[in-house]
Amino acid sequence: MRTILVVGIGAGDPDQLTIQAVKALGRADVFFVLDKGPAKDDLVRLRREILDRHVGAGGYRVVEARDPRRDRNPADATAYAAAVEDWHDRRAELYERMILDELADDGCGAFLVWGDPSLYDSTLRIIERVTARGRVAFDYEVIPGITSVQALAASHRLVLNRVGGAVEITTGRRLAEGFPPGVDDVVVMLDADTTFRTLDDPDLDIYWGAYLGTPDEMLMHGRVADVGSSIARTRADARRRKGWIMDVYLLRRRPPAAPPTPGDRRPSASASASDADADADADILDQRVPWR
């Protein structure tokens, strides 16, 4: 019986792999990699760096295939669902062919997944489609990884939830429908349109990160109203230089100011507003945007 390992490899830092993931890499006879085109050669290179570090340079076999194209700008939700369905079908055919052609009947193959396979990744859905087609028999295991959400929180030294509060994880496409009700902390992934700029809320902070865990890591934070345009420009410039970008951000609503109590010698409202503006300016000045 063939075995397939779906291994979460973190956001890009080879040191972020778990011990379980390293052991899984050592079990694999072949690694299946989808080539997303010349603009994303960095992603293939990062996977090879991880394998060189944890398996040994030259001690592994990689099988690459071109990822099927899909419509990235569907007209509406129905067209989007249809485009994803078609893309998943064609990916399932590709996975099936790779497993049949490149993996022995008793072999062990691995798919390396950015972040964790459970969060906004299609690999497990594709594997399930392959098994449902019934042309190739295999067992499969899932090895969790460090998500970009965790990497973002660590880089910004954040606790994602407030005491007793909830955190929602969503996409830029869903955020375009409005800030989710009932929560004050929202993590946004897969946002190619910097949708946070459409939110008219002066009390929203943003913690943004791109290329997390790599030498090109970029971090910015502050009030959306103050730093949103700067983040958008930085993101567009980075994408133009590299040809691709992977980013994620946390939107956090500031708590309302507590009313002063009798005898409380706090600064006046105008002084407090000035202090808040100074803090926002400090956030802007504290942006860390390394580039190599």
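So, a few notes on the structure that sits alongside this text. On a predicted model such as this, the values are computed, not experimentally measured, just so you know.

Rules used in this analysis
Residues numbered from 1 in each chain as written. Predicted model: local features only at pLDDT ≥ 70, side-chain atom pairs only at ≥ 80, totals over all residues. Heavy atoms only, no water. Buried < 20%, exposed > 50% of the residue type's maximum accessible area, 1.4 Å probe, protein only. Helix = DSSP H or I, 4+ residues; strand = E, 2+ residues; numbered from the N terminus. Pairing = 2+ DSSP bridges. Phe/Tyr/Trp six-rings, centres within 6.5 Å; stacked < 30°, edge-to-face > 60°.

Bringing the pairing of strand β3 (residues 62–66) into the picture now. The side-chain alternation of β3 yields one buried face, formed by V63 and A65, and one unburied face, formed by V62, E64 and R66. Across five bridges, the pairing between strand β2 (residues 30–35) and β3 is parallel. In the strand pairing of β3, F32 is matched with V63.

It is worth spelling out the packing of aromatic side chains at this point. For the structure on display, the rule yields six aromatic pairs. Ring geometry for F32 and F111: centres 5.1 Å apart, planes at 35°, overall tilted. Of this pair, F32 sits in strand β2 while F111 sits in strand β4 (residues 108–113), and the two are 79 residues apart along the sequence. Considered together, F32 and F111 belong to a single accessibility category, that of buried residues. Both rings, one in Y211 and one in W244, keep their centres 5.1 Å apart while their planes meet at 90°; by these two values the pair is edge-to-face. Within this pair, whereas Y211 is found in the loop between β8 (204–210) and β9 (218–223), its partner W244 is found in the loop between α7 (224–242) and β10 (247–253), the two being separated by 33 residues in sequence. In this structure, Y211 and W244 share a single accessibility class: buried.

Before going further, it helps to spend a moment on the pairing of strand β7 (residues 185–189). Among the five residues of β7, five are classified as buried, and the element is accordingly described as predominantly covered. Residues D185, V187 and M189 of β7 are buried on one face, and the alternating residues V186 and V188, pointing to the opposite face, are buried as well. Relative to β7, strand β6 (residues 167–171) runs parallel, the two being bridged by five bridges. For T170, the partnering residue across the bridge sits in β7 and is V188. Of the pairings in the sheet, the one linking β7 to β10 comprises five bridges and is antiparallel in character. Residue pairing across strands places V186 opposite L251, the latter belonging to β10.

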